[in-house]
Amino acid sequence: GIQVEQSPPDLILQEGANSTLRCNFSDSVNNLQWFHQNPWGQLINLFYIPSGTKQNGRLSATTVATERYSLLYISSSQTTDSGVYFCAVGYSGGGADGLTFGKGTHLIIQP
Amino acid sequence: EPEVTQTPSHQVTQMGQEVILRCVPISNHLYFYWYRQILGQKVEFLVSFYNNEISEKSEIFDDQFSVERPDGSNFTLKIRSTKLEDSAMYFCASRDSGRLYEQYFGPGTRLTVT
């Protein structure tokens, strides 16, 4: 099956700093999603981005499908950005419709 | 904005008991999924469901698990005889039938087996 690796596993930053989270995957995908898991355990959908670049406020994401990686950028970090960020990939229509998640990046933003 | 809902938010059960986790997918969606996350670990795919049948399942989804769409709105996951290791957060997700494959996740049900 598809392998997903996220880096770094842990990241501690001061409020106001910028960060880049990386997701590498081992095979072709037509679905890639970034999630933020909040302290209550809910998965908040940040981006659906199988290719290209998207921006939403202080967050943006880029997926280079041909090179099998995606990046999530967080600018001007706030303490509420703390939590675990997951990348998940899949190939719908190709027998791998279920998403494969990475192990996540645990982000801590200190005031 | 339409969303996936799940009930209950937290369920406590004794080992060996049967549990049913319930989900209401987004109304026009046709593909449905269950995932689980053991505390501190990554989210794992369990099963996908389309056209009233299982379309894909993982190795985790063994004979103790079953899924059903009993009516036009609900999608359920049944665990027949719970074990301590079934304690986890269970997420339901759904997507529509178009070429955008984005899956929409519910808030999860935290299952605790004692």
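The coordinates are above.
Note that the coordinates shown come from a computational prediction; the quantities given were computed from them, not determined experimentally.

Student: Could you give an account of the state of the cysteines, naming the residues involved and the relevant values?
Tutor: Going through the model one piece at a time under the given rule, you end up with two disulfides over all chains. Through a disulfide, A:Cys23 is tied to A:Cys87; the S-S separation comes to 2.0 Å. One quick way to see it: the torsion about the S-S bond of A:Cys23 and A:Cys87 is about -55°, and its sign makes the bridge left-handed. One end of the pair, A:Cys23, is in strand E3 (residues 19-25); the other, A:Cys87, is in strand E9 (residues 83-91), and 64 residues separate them in sequence. With respect to class, A:Cys23 is no different from A:Cys87; both count as buried. Each sulfur in the disulfide pair B:Cys23 and B:Cys92 lies 1.9 Å from the other. Between B:Cys23 and B:Cys92 the sulfur-sulfur dihedral comes to about -65°; the bridge is accordingly left-handed.

Student: I'd love a proper account of the sheet that holds strand E6 (residues 52-56) of chain A, names of residues and values included.
Tutor: Residue and element names in this part refer to chain A. Strand order in this open sheet of five strands is E1-E3-E8-E7-E6, and the pairing throughout is antiparallel. In this open sheet, the two edge strands, each paired with only one partner strand, are strand E1 (4-7) and E6. Strand-to-strand twist in this sheet, taken as the mean axis angle between neighbours without regard to direction, amounts to 15°. Examined bridge by bridge, E6 and strand E7 (residues 59-64) share five bridges and lie antiparallel to one another. From the neighbouring strand, glutamine 55 faces E7, where its bridge partner is serine 60.

Student: Help me get a handle on the sheet that holds strand E1 (residues 5-7) of chain B, residues and values and all.
Tutor: All names here are of chain B. The sheet built from four strands is open, its strands ordered E1-E3-E8-E7 with antiparallel pairing. If you trace the sheet from one side to the other, it starts and ends with E1 and strand E7 (65-68), each paired once. On average, each strand axis in the sheet is tilted by 20° relative to the strand beside it, whichever way the strands run. Summarising the sheet, strand E3 (residues 19-24) and strand E8 (residues 75-79) pair through five bridges and their orientation is antiparallel. In the sheet register, cysteine 23 faces E8, and the bridge partner there is phenylalanine 75.

Student: Talk me through the pattern of salt bridges; I want residue IDs and the actual numbers.
Tutor: Oppositely charged side chains can form a pair if their charged atoms are brought close together. Residue and element names in this part refer to chain B. Counted under the stated rule, the structure contains three salt bridges over all chains. Salt-bridge contacts for arginine 36 lead to glutamate 44; the nearest nitrogen and oxygen are separated by 3.4 Å. For arginine 36, a relative accessible area of 11% puts it in the buried group.

Student: Which residues make up the interface of chain B and chain A, and what values do they have?
Tutor: If you look at the interface, chain B gives 20 residues, while chain A gives 21 residues. Across the interface of chain B and chain A, roughly 1,600 Å² is buried in total on both sides, 54% from carbon and sulfur atoms. At the boundary of chain B and chain A, one finds one salt bridge. Between A:Asp97 and B:Arg95 there is a salt bridge, and its shortest N-O distance comes to 3.4 Å. Taken together, the links from chain B to chain A amount to 11 residue pairs in polar contact (both at pLDDT 80 or more).

Student: Describe the packing of aromatic side chains, with residues and values.
Tutor: Here the structure, examined in full by the defined rule, presents 14 aromatic pairs over all chains. Taking the centre distance of 5.9 Å and the plane angle of 25° together, the rings of B:Trp34 and B:Phe75 count as stacked. Taken together, the residues span a long stretch of sequence, with B:Trp34 in strand E4 (residues 31-37) and B:Phe75 in strand E8 at a distance of 41 residues. Among the residues examined, B:Phe75 registers a relative accessible area of 0% and is labelled buried. An aromatic cluster of at least three residues, connected via ring pairs, comprises A:Phe35, A:Phe86, A:Phe101, B:Tyr33, B:Tyr35, B:Phe45, B:Phe91 and B:Phe105. Here A:Arg22 stacks its cationic end above the ring of A:Tyr69, 4.2 Å away from the centre of that ring. A cation sits over an aromatic face here: B:Arg95 above B:Tyr31, 3.8 Å from the ring centre.

Calculation notes
Residues numbered from 1 in each chain as written. Chains lettered and ligands numbered in written order. Predicted model: local features only at pLDDT ≥ 70, side-chain atom pairs only at ≥ 80, totals over all residues. Heavy atoms only, no water. Disulfide = S-S within 2.5 Å. Helix = DSSP H or I, 4+ residues; strand = E, 2+ residues; numbered from the N terminus. Buried < 20%, exposed > 50% of the residue type's maximum accessible area, 1.4 Å probe, protein only. Pairing = 2+ DSSP bridges. Axes fitted to C-alpha atoms, helices over the stretch in contact; angles between N-to-C directions. Salt bridge = Lys/Arg side-chain N within 4 Å of Asp/Glu carboxyl O. Contact = heavy atoms within 4.5 Å. Buried area = accessible area lost by both parts, 1.4 Å probe. Polar contact = N/O pair within 3.5 Å; in protein donor to acceptor, adjacent residues only side chain to side chain. Phe/Tyr/Trp six-rings, centres within 6.5 Å; stacked < 30°, edge-to-face > 60°. Lys NZ or Arg CZ within 6 Å of the ring centre and 35° of its normal.

Just geometry here; none of it tells us what the structure is for.
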